[in-house]
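The chain contents come next:
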Amino acid sequence: MKKKYFLNANIIDPHNSIDELGGLIISEEGKIEAVGKKVNKNNIPSREKFIDLNGKHIFPGLVDMRVFVGEPGYEYKENFRTLSNAALSGGVTSVVTMPNTDPVIDNVSIVDFLKRRGRDKSKINIFPAASLTKNLEGTNMTEFGLLKKKGIIGFTDGTKTIQNTRLMSRIMKSAYDLDCLIMQHAEDYELSKNGMVNDGIVSTKLGLQGIPDISEKIIIERDLSLLEDFNCRYHISQVSSAKSVELINQKKNEINFTTGVSINNLSLNENDIGDFKTFLKLSPPLRTEDDRLSLIKAINNDLIDVIVSDHKPEDEESKRITFSQAATGASGIETLLPLTLELFHNGSVKLFKLIELLTSNPAKILKIDKGNLSIGSDADFCIVDIFKPWIVKKEKIVSKSKNTCIEDKKLQGLTMKTFVKGEELFKI
Amino acid sequence: MAITKKAVKISKKHLLGIQDLSISDVNLILNEAKEFILLNKSKNKKIDILRGKTQINLFFEPSTRTQSSFELAGKRLGADVMSMNIVNSAIKKGETLIDTAMTLNAMHPDIIVIRHQDSGACNLLSQKVNCAVLNAGDGRREHPTQALLDALTIIDRKNKIEGLKIAICGDILHSRVARSNIYLLNMLGAEVNIVAPTNLLPKDIEKLGVNTFSNMEKGIKECDIVMMLRLQNERMTSSFLSSNREYYEYFGLTPDKLSHAKKDALIMHPGPMNRGIEIDTKLADDINKSVIKEQVELGVAVRMACLKIFCE
C-alpha cells in the first residue's frame, strides 16, 4: 500500500484531544503515521502526492455499539457483506453485533463460525457480543469466561432484558470475577406487556397499548442497586426517558456504569409515528418531546456516554402489516452520523462532544483500540462534508433492509470517504 | 319523504375515525341519517340509490349488531352486499391484510366495511384499495358509526347536544366507542365526563378535553346522558379488577347511582350488555330511561347515510 497524505482537514479525535486544522499521514502498513496541525504542505516530501481536503472533516471511524445483523438465520434481512457496505457508507468502521440471531450467539462453537464469516465477508471490524443467557431465555448464564477467551467483547441479551433479579445479581458477580462487560436492555416485561408505543396521549389516541417510561426506570434502578455490591462493567444499552435520566443523574457519582442512547430517541418523538408508521415502531419506544430534550441535556451533562444506531434491519413483509403485528426496529447504521450531526447543526450539542460519543467513548467502554487516530493505530477513519445537504431516500439505502425511520428527512452532512486499515473502502 | 340522488359532498374519501371529520361532515351524515329513520319505519324499506354498487363487509372480529346493521343498511339501499366469513378465508392461512385487500380490490368493490382487532387496520387498508373504506371498529382506536348513531339518538331525544352534560362510564381503556364518542361529543359542544376505575383509564385521556372521575356518583352528577360501556373481559390480559361483583358495587349503574344524574337523564349502552355487571338489568329495560333499543334502530339509519355518502 502506498503512503497517503491528507492535508487541510478539520481533524477531530476526542481520544487524543485533537480538534484542529491539519493533516493526516497513513503509513504503507495502513497505520496512522502522523496527525494534526504539524502535518502540512511544508513538512511532507515535495514529490509525494497529497489530497487537499479543503476544510472537510476527518473523524476516527465510528464505533457503533448496537447493531443487529441477520447472520446467521436471517440473512434475508442483512448479512455481513451488506452490513459492512451500509456501515462504510455512513463512516462506521467498527460494530458490536447483537446475539439475537438464529442460532443465538451463546456458545463457543458458534463464535468461531461468526468470526470466520465476519472476517471473510465484512470489510469493517466486527466485534460480536454473546448472549447473557442460553438461547436468550433469561434462565441460565452463558460461559462468560470461555466466550471472552474466544474474543467476545461484551454480553447482552440484545432486545431482551434479564427479568429475574437473582439471576441478574449472579450475572454481575460472574462478570465481576471475569472482567466482562454487561449490556442491559432495560425493560420490565410485566409493565411493558403488549406495549408498542410510549404510554401517553399518543397511545391513547391511536388505541395502542403503551409502554410506560417507568418500565425502563425500574430495571435501571434495580440493576444499579445490585451494582452497589458488585461493581462489574455495566452498560445500559439505551435510555429513552427523562425519568431514567434523572435516576442516572442521582447515581452517576456513586456507582460506575455507562449509558447509551439511540440516535432515534435523540432525533424523533412519539408524534412522528403519525398515522401508524410501522417503521417508527421502536424499542425503546419514541417518547415525548420533553423526554427527547432531557436526553440531549443528559449528553451535555456527561450523563450519557454513547450514541448508537440501534440498527435493526427488517424486511418489508415484517413492516407492511398492522402496527401491532409489525416487527420492532429500524435500519439506521448509515444515517447514524448525519442524524447525529443534526444535533450539532441545530445547536443542541457541540461537534467534539458528539464525535466523542460516536468514537472514543464506545471504544473505551469496550476496551478496544478503535475510534481514535493515535499514532501506530489502524488507520480507520472517515472524511465527512458536515455541511453537505441531502435527503434520505429509501431506494438509496445501502443496507439490505430499507426500513429507515427517517424517510424523506432532510439532513446535512455526508460521508465522502471511509478507510479501514488505511484502505479506501467507500467513496461517494 | 324526500330521498333523492342529490349530490352530497364529504371532505374525506374514507370514514376511518371521527378525528378526521369536520363538523360539517358530521352534520351532513346526521342530516342524511334523519331522512332514513323515516324510511326504516315505512312499509317498503328498500330504495335503489346504491343499485349496482358492491359493498364488502370484512369482519375480522365477531360482531352481531354492527355487521347485521351494515348488511341491512346496504341491502335497504339496493347495494350488492357480501359479508366475508373470515374464519374460512385465506387470512387464517397466513395471508396478510394487504394481500387480502389487493385481492378484494381486484373485484372492484365500491365500499369496504372493515372491523379488525388491531388499531389502525382500516388506515392500512385504505392506503391499498381504490374504493372507500368504512371503519366498523379498529382495536381500541375508533368506532365512528357507533358515535354517530349515539349522537343521532341523543339529538332525537334531547333535540340538541350542545350544552349537555354527558358521562361515559366503564371500561374506557379498551373502548373504541369511548374514544369516538369523546371526539364527536366534544366537537358538538357537550361537556364530557369520563368515569372509570383508574386501572381502566387510558394515560393522559384528559388531554382530549374531558373530565375524569373514579367515583361514579360524582362523575354522573347532574348529567343529561349516562352512557355505559361493556366491560371487555376478553381484552383484559392481566388483573385490572378484583371481581365483577365489586365492579358492580362501585361502577355498575343502579337506580341509586342514577339518582345523582338529572331526573330526565337517559341511559345508553352500545351493547352487548353484561347485565348485572355494568348495568342493573331492570334499568337496562326501563323504557322511560333506557334508549338502548333506539340506538340499535338508529344505527341502521346512520350506516345507510354513511354508505350513501361515501359511495358517491
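Note that this is a predicted model, so its numbers are computed, not measured.

(A) Broad picture of the sheet that holds strand β3 (residues 111-116) of chain B. Residues and elements named next belong to chain B. Strands sit in the order β2-β1-β3-β4 across an open sheet of four strands; the sheet is parallel. Looking along the sheet, the strands with just one partner apiece sit at the ends: β2 (80-85) and β4 (132-138). Recorded for the sheet is a direction-independent mean angle of 15° between the axes of neighbouring strands. Contacting β1 (54-59), β2, β3 and β4, helix α2 (residues 65-76) runs over the sheet at an angle of about 175° to β1. Across the face of the sheet, helix α4 (residues 121-128) comes into contact with β3 and β4 while running at roughly 165° to β4.

(B) Main features of the sheet that holds strand β6 (residues 191-195) of chain B. All names here are of chain B. Taken in spatial order, the five strands make up an open sheet running β7-β6-β5-β8-β9, and their pairing is parallel. Across the chains shown, the open sheet's two edge strands, defined by having one partner strand only, are β7 (211-213) and β9 (266-268). Strand after strand, the sheet turns through a mean of 20° between neighbouring axes, direction not considered. Alignment of β6 against β7, held across three bridges, turns out to be parallel. Following the sheet pairing, Val195 is matched in β7 by Phe213.

(C) Looking closely at the interface of chain A and chain B. At the junction of the two partners, chain A supplies 17 residues and chain B supplies 24 residues. Together, the buried faces of chain A and chain B total about 1700 Å²; carbon and sulfur atoms form 51% of this surface. By the criterion of area lost to chain B, the three top residues of chain A are Thr204, Lys205 and Arg320 of chain A, representing 29% of everything that side buries. Counting across the chain A and chain B interface gives 10 residue pairs in polar contact (both at pLDDT 80 or more). Here the side of chain A that touches chain B is built from residues that sort into five nonpolar, eight polar and four charged.

(D) Main features of the layout of surface pockets. Space inside the largest pocket adds up to approximately 910 Å³. If you go around the largest pocket, you meet 32 residues; those closest to its centre are Gln209 and Gly210 of chain A together with Arg140, Leu173 and Phe240 of chain B. Sorting the residues of the lining of the largest pocket by element identifies α5 (189-192) and α6 (201-206) of chain A as the ones contributing at least two each. Looking at side-chain class alone, the lining of the largest pocket contains eight nonpolar, 15 polar and nine charged residues. If you go around the second largest pocket, you meet 27 residues; those closest to its centre are Phe276, Lys277, Thr278, Phe279 and Leu280 of chain A.

(E) Structural view of empty space enclosed by the protein. All names here are of chain B. Throughout the structure, instances matching the rule amount to six cavities of 30 Å³ or more. Size it by volume and the largest cavity reaches roughly 100 Å³. For the largest cavity, the full set of lining residues is Arg65, Thr66, Ser69, Gln146, Leu149, His269, Pro270, Ile292, Gln295, Val296, Gly299 and Arg303. Where the lining of the largest cavity is concerned, the elements lending two or more residues are α2, α5 (144-158) and α11 (292-311). With five residues, the single largest contributor to the lining of the largest cavity is α11.

(F) Up close: the pairing of strand β6 (residues 62-67) of chain A. Residues and elements named next belong to chain A. Within β6, six of the six residues are buried, which leaves the element mostly enclosed by the surrounding structure. Pairing between β6 and strand β7 (residues 92-97): four bridges, direction parallel. When the sheet's bridge partners are listed, Val63 is paired in β7 with Ser94. This β-α-β element, β6 to helix α1 (residues 80-89) to β7, shows right-handed connectivity.

Calculation rules
- Residues numbered from 1 in each chain as written.
- Chains lettered and ligands numbered in written order.
- Predicted model: local features only at pLDDT ≥ 70, side-chain atom pairs only at ≥ 80, totals over all residues.
- Heavy atoms only, no water.
- Pairing = 2+ DSSP bridges.
- Helix = DSSP H or I, 4+ residues; strand = E, 2+ residues; numbered from the N terminus.
- Axes fitted to C-alpha atoms, helices over the stretch in contact; angles between N-to-C directions.
- Contact = heavy atoms within 4.5 Å.
- Buried area = accessible area lost by both parts, 1.4 Å probe.
- Polar contact = N/O pair within 3.5 Å; in protein donor to acceptor, adjacent residues only side chain to side chain.
- Nonpolar A, V, L, I, M, F, W, Y, C, P; charged D, E, K, R; others polar.
- 1 Å grid on protein atoms, 1.4 Å probe; cavity = no way out; pocket = protein on both sides within 12 Å on 5 of 7 lines; lining within 4 Å.
- Points joined across faces, edges and corners; volume = space filled by probe spheres on them.
- Buried < 20%, exposed > 50% of the residue type's maximum accessible area, 1.4 Å probe, protein only.
- Right-handed = clockwise from strand over helix to strand, strands pointing away.

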